[in-house]
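# Reading the structure
Each chain, letter by letter, is given below.
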Amino acid sequence: MDTLVSGYSKSASITASAPFLFYSNSSSVRCKGAKKVLERPLADPLFTQHLDELFTAEKALGVENPIVVGAIPFDLEQPTHLIVPEWFTFQSVPSFDMSLFNDRSFKHKVRAHQFFPEHDAFIHGVNQAHTLFGDTELKKVVLSRLLELELDQPVDLSRLMGNVMAQNPNAYHFNLPIREGVLIGASPELLIRKTADKVYSNPLAGSAKRQCHEEADVAAADGLWNSTKDQYEHRLVVDSIRSSIARYVGSKVIPDTPSLINTPTMWHLSTQIEGRLRDSNTSIFELIRSIHPTPAMGGTPSKLAKQVIDDVEPHDRCFFSGLVGWADSQGNGEWAIAIRCAEVKGAFVRLFAGAGIVPQSDPEMEWIETGNKMQTMLNAFGIERSAL
Ligand SMILES: C=C(O[C@H]1C=CC=C(C(=O)O)[C@@H]1O)C(=O)O
């Protein structure tokens, strides 16, 4: 069924009162309503002034430590969507058992679907990157694709979020009302968390699909660990973060070799980075400005990779591969990378997945890898892969 999903931008407004939710292993934020929305690029020199004005106004109303929640786009020149909530609660860890929300009866049929780009254009993009590896300084670029779906019925967002959480208990879960839809996901990747003078980052790069049978699954993990291509892809990300945080961080711990982590659908190479800020007043937004996008979402060197993405990808990523999270008026916060997520508007859905392309990448394998990454959200919707 290769029909154009035509009604995407026209779907009904269903989420005006949807909550903002962000659950991780270290913070749990629930918000309702939006007193104000800050829609300014992080790259705008006036961003900090506008944010400070919002916090000052909230403090004048008696909120001791106000917060903003929301999303920062992949491209820091594009506007953020940061909400000053009407109401919020904050806990260190979610106080409920996520597994209780698993809902196997939650299923959707696909009426129409379309990939952007389609298979051949994606392969062509990877081949273009290969040419640039030879002709320019480009070492790595993350190329992505979108899947647009029209489902048989409007999506029940609470049931979807329940499945997202229950099926991916160790992820960064988010539900963000955005324009007339929501951005919902279970990201495995932390860009940055800051608490007083401590900062953490957990970049992922290098992937293999999980297998049903244990022996095959262990072999997939071993294969990833021993892959020079994936180790290289990963090292570029860690090197970039190391140099971006150098001016802010005094002591730090960055393991020499990555570890393996898994989600229910994927294995990844992962590095846990910890550091202590020289100045604990450094705002998390300043750190984001210097780190994001890492080569796990952009590439190396960063500016050239961004140019290649703009030239090759037919779609605007907007918040996909950007960030979702929260920040308080003391400069603390936690921001996960907006991957393994979907934009939902009624019965219309957009999924996103990217893959790091390096000289050793095989174009067909990268197409398959991006499809495997979409499986996290397809499972949450109860959509059979055979439907596509
Ligand atoms: C861009 C995505 O994954 C990133 C995170 C982990 C592994 C990646 C990789 O192996 O290419 C990607 O850098 C995505 O899931 O859409």
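You'll find the structure just up there.
Anyway, here's the lowdown on the structure attached to this text.

What counts, and where the lines are drawn
- Residues numbered from 1 in each chain as written.
- Predicted model: local features only at pLDDT ≥ 70, side-chain atom pairs only at ≥ 80, totals over all residues.
- Heavy atoms only, no water.
- Core = buried A, V, L, I, M, F, W, Y, C linked by side-chain atoms within 4.5 Å.
- Buried < 20%, exposed > 50% of the residue type's maximum accessible area, 1.4 Å probe, protein only.
- Phe/Tyr/Trp six-rings, centres within 6.5 Å; stacked < 30°, edge-to-face > 60°.
- Helix = DSSP H or I, 4+ residues; strand = E, 2+ residues; numbered from the N terminus.
- Lys NZ or Arg CZ within 6 Å of the ring centre and 35° of its normal.
- Axes fitted to C-alpha atoms, helices over the stretch in contact; angles between N-to-C directions.
- Parallel < 35°, antiparallel > 145°, perpendicular 65-115°, else oblique.
- Left-handed = near helix turned anticlockwise from the far one by under 90°.
- Contact = heavy atoms within 4.5 Å.
- Nonpolar A, V, L, I, M, F, W, Y, C, P; charged D, E, K, R; others polar.
- Pairing = 2+ DSSP bridges.
- Salt bridge = Lys/Arg side-chain N within 4 Å of Asp/Glu carboxyl O.
- Patch = residues over 30% accessible without salt bridge, like charges linked within 9 Å, V, L, I, M, F, W, Y side chains within 5 Å.
- Areas by Shrake-Rupley, 256 points an atom, 1.4 Å probe, with all protein chains shown as cover.
- Lys, Arg positive; Asp, Glu negative; His and termini not counted.
- Charge placed at Lys NZ, Arg CZ, Asp CG, Glu CD.
- Expected span 1.5 Å × (residues − 1).
- Arc of directions from axis to C-beta.

### Section: the nonpolar core
The biggest cluster of nonpolar side chains holds 105 residues, and the ones touching the most others in it are Phe285, Ile288, Trp335 and Phe381. Counting residues in hydrophobic clusters, the runner-up holds six residues, among them Ala220, Ala221, Leu224 and Trp267.

### Side note on the packing of aromatic side chains
Counted by the stated rule, this structure contains six aromatic pairs. Note on Phe90 and Trp326: the rings are 4.7 Å apart at their centroids and 85 degrees apart in plane angle, and the pair reads as edge-to-face. Taken as a pair, Phe90 in strand 6 (residues 87-91) and Trp326 in strand 19 (residues 323-328) lie far apart in primary sequence, 236 residues in all. We note Arg145 situated over the ring of Trp367; from NZ or CZ to the ring centre the distance is 3.5 Å. Cation over ring: Arg317 sits above Phe74, and NZ or CZ is 4.3 Å from the ring centre.

### Focus on the packing of helix 3 (residues 157-167) against helix 8 (residues 363-381)
In helix packing, the relevant descriptors are the interaxial angle and the interaxial distance, both defined with respect to the helix axes. Running from N to C, helix 3 and helix 8 cross one another at 125 degrees; their axes reach a closest spacing of 8 Å. Taken together, the axes of helix 3 and helix 8 lie oblique to each other. Relative to helix 8, the crossing made by helix 3 is right-handed. Side by side, helix 3 and helix 8 meet where Leu160, Asn163, Val164 and Gln167 of the first sit next to Thr376, Met377, Asn379, Ala380 and Phe381 of the second. Residue composition of the contact of helix 3 with helix 8, by class: five nonpolar, four polar and no charged.

### What to know about the pairing of strand 20 (residues 333-337)
The buried count for strand 20 comes to five of five residues, which makes it a mostly enclosed element. Because side chains alternate across strand 20, one face comprises the buried residues Gly333, Trp335 and Ile337, and the other comprises Glu334 and Ala336, equally buried. Pairing of strand 11 (residues 190-195) with strand 20 involves four bridges; the strand directions are antiparallel. What sits directly across from Leu190, in strand 20, is Ala336. In the sheet, strand 19 pairs with strand 20 via five bridges, with the strands oriented antiparallel. Bridge assignment links Leu323 to a residue of strand 20, and that residue is Ile337. Hairpin connection, strand 19 to strand 20: the antiparallel pair is bridged by four residues, and Gly331 has positive phi, about 90 degrees.

### Here we look at the pattern of salt bridges
All told, the structure shown has 17 salt bridges when counted by the stated rule. In this structure, the salt-bridge partner of Arg159 is Asp103, at a minimum N-O distance of 2.7 Å. Highlighted residues: Arg159 in helix 3 and Asp103 in the loop between strand 6 and strand 7 (110-116), separated in sequence by 56 residues. Accessibility expressed as a relative area gives 33% for Arg159, which makes it partly exposed. Taking relative accessible area as the criterion, Asp103 reaches 17% and is therefore assigned buried. Among the ionic pairs, Asp230 bridges to Lys229, the shortest N-O distance being 3.6 Å. The exposure class of Lys229 is buried, given its relative accessible area of 12%. If you follow the salt bridges from partner to partner, you end up with Lys229, Asp230, Glu233 and Glu366 in one network.

### A closer look at a negative patch on the surface
There is a patch of like negative charges on the surface, built from Glu118, Asp120, Asp362 and Glu364. Within the secondary structure layout, Asp120 lies in helix 2 (residues 119-135).

### Considering the sheet that holds strand 15 (residues 259-262)
As summarised here, the arrangement of the three strands in space is 13-16-15, forming an open sheet in which the pairing is antiparallel. With one partner strand each, in any of the chains shown, strand 13 (204-209) and strand 15 form the two edges of the open sheet. For this sheet, the mean inter-axis angle between neighbouring strands, taken without regard to orientation, is 30 degrees. As paired strands, strand 15 and strand 16 (residues 266-270) are joined by four bridges and run antiparallel to one another. Bridging across to strand 16, Leu260 finds its partner in Leu269. Strands in contact with helix 4 (residues 214-225) are strand 13, strand 15 and strand 16; relative to strand 16, the strand with the most contacts, it is inclined by about 30 degrees. Running over the sheet, helix 8 touches strand 13 and strand 16 and is turned about 105 degrees from strand 16.

### Examining helix 2
Here helix 2 is 17 residues long and its end C-alpha atoms lie 25 Å apart, about the 24 Å a rise of 1.5 Å per residue gives. Those residues of helix 2 that fall on the buried side of the exposure criterion are Phe122, Ile123, Gly125, Val126, Ala129 and Phe133. Seen along its axis, helix 2 keeps its buried residues to an arc of 155 degrees; they face one direction. Of the exposed residues in helix 2, those oriented more than 90 degrees away from the buried face are Asp120, Gly134 and Asp135.

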